[in-house]
Amino acid sequence: MLEPANTWTQGLDFPSRLLESGSNDYELYEEDGEFVLSVELPGFDPEEITASWNDGVLNVAGEHEDENRGTRRTYHRRFRFPKAIDEDGITAEYQNGILTVRLPVTVENAVSGTEIEIES
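What counts and what doesn't
- Residues numbered from 1 in each chain as written.
- Predicted model: local features only at pLDDT ≥ 70, side-chain atom pairs only at ≥ 80, totals over all residues.
- Heavy atoms only, no water.
- UniProt positions renumbered as here; feature names shortened; annotations may be inferred.
- Helix = DSSP H or I, 4+ residues; strand = E, 2+ residues; numbered from the N terminus.
- Contact = heavy atoms within 4.5 Å.
- Phe/Tyr/Trp six-rings, centres within 6.5 Å; stacked < 30°, edge-to-face > 60°.
- Buried < 20%, exposed > 50% of the residue type's maximum accessible area, 1.4 Å probe, protein only.
- Pairing = 2+ DSSP bridges.
- Core = buried A, V, L, I, M, F, W, Y, C linked by side-chain atoms within 4.5 Å.
- Axes fitted to C-alpha atoms, helices over the stretch in contact; angles between N-to-C directions.
- Polar contact = N/O pair within 3.5 Å; in protein donor to acceptor, adjacent residues only side chain to side chain.
- Patch = residues over 30% accessible without salt bridge, like charges linked within 9 Å, V, L, I, M, F, W, Y side chains within 5 Å.
- Areas by Shrake-Rupley, 256 points an atom, 1.4 Å probe, with all protein chains shown as cover.
- Salt bridge = Lys/Arg side-chain N within 4 Å of Asp/Glu carboxyl O.
- Lys, Arg positive; Asp, Glu negative; His and termini not counted.
- Charge placed at Lys NZ, Arg CZ, Asp CG, Glu CD.

Going by what an unreviewed UniProt entry lists, the protein is known as Hsp20/alpha crystallin family protein and is assigned to Halorubrum ruber. As recorded by UniProt, the Sequence similarities (unreviewed entry) comment attached to the protein reads in full: "Belongs to the small heat shock protein (HSP20) family."

Structure representation (structure tokens):
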């Protein structure tokens with residue numbers, strides 16, 4: 001029996017192993033104040049891959065046509081991030097079939113917030 005789609009999480013991959021979609025084509029972790037996303041895209045050329053940032057969502061897409069075999073491969077995935085990202089600091093690199101995107105967390109959001117006094 002199919003479960004009803006949850007519109008809040010439909011089509012989005014969150015940086016959390018708790019909400020893992022079951023796909024192992026990417027790795028996502030946070031280190032040194034930034035998120036690091038590695039996506040396996042073997043067989044793609046760098047110019048066939050696009051990455052874009054829009055309102056807390058990172059879109060990764062790729063399209064590869066093999067004219068010799070008459071085949072076409074596409075890839076598209078969206079990743080939503082729970083913390084504000086420094087948009088100007090986002091970088092992407094594609095090497096050995098792996099796209100690595102670094103998304104720095106803004107300094108204001110790296111602060112833990114206000115401590116709440118616990119009464120006893």
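All right, on to the environment of G33 then. Along the chain, the position of G33 falls in the loop between β1 (26-31) and β2 (34-40). Residues G33 and P104 lie 71 residues apart in sequence; the distance between their C-alpha atoms is 6.1 Å. With residues near it in sequence (within four places) discarded, G33 still touches P104 and V105.

Next up on the list: the packing of aromatic side chains. The description of an aromatic ring pair uses the distance of the two centres, along with the angle that the planes make with each other. This structure, assessed with the given rule, holds three aromatic pairs. Centre to centre, the rings of F35 and F81 are 5.1 Å apart; their planes meet at 55 degrees, and the pair counts as tilted. Of this pair, F35 sits in strand β2 while F81 is found in the loop between β5 (71-80) and β6 (91-95), placing the two residues 46 residues apart along the sequence. Each member of the pair F35 and F81 is classed as buried. Each residue in the set F35, W53 and F81 is aromatic and connected to the rest through ring pairs, giving one cluster.

Okay, the pairing of strand β3 (residues 49-54) next. Sheet topology places β3 next to strand β4 (residues 57-66); six bridges connect them, and they run antiparallel. The residue of β4 that forms the bridge with N54 is V57. The loop that links β3 with its antiparallel partner β4 comprises two residues; one of these, D55, has a positive phi angle of about 50 degrees.

Bringing the nonpolar core into the picture now. Ranked by internal contacts, the top residues of the largest apolar core, which has 20 residues, are L41, L58 and F81. Sorting the residues of this core by element identifies β1, β2, β3, β4, β5 and β7 (98-104) as the ones contributing at least two each.

What follows concerns the sheet that holds β7. In space, the four strands of this open sheet follow the order β1-β2-β7-β6, with antiparallel pairing throughout. The open sheet has two edge strands with one neighbour each: β1 and β6. If you compare each strand with its neighbour and ignore which way they point, the axes differ by 15 degrees on average.

Okay, the environment of R102 next. Note that R102 resides in strand β7. Considered as a pair, R102 and L28 are 74 residues apart in the sequence and their alpha carbons are 10.0 Å apart. Every residue in contact with R102, bar those within four places of it in the chain, is listed here: E31, E34, F35, V36, G89, I90 and T91. Reaching out from R102, the side chain makes a polar contact with the side chain of E34 at a distance of 2.9 Å.

A surface patch of like charges, here negative, comprises D55, D86, E87 and D88. Along the polypeptide, E87 turns up in the loop between β5 and β6. The exposure class of E87 is exposed, given its relative accessible area of 52%.

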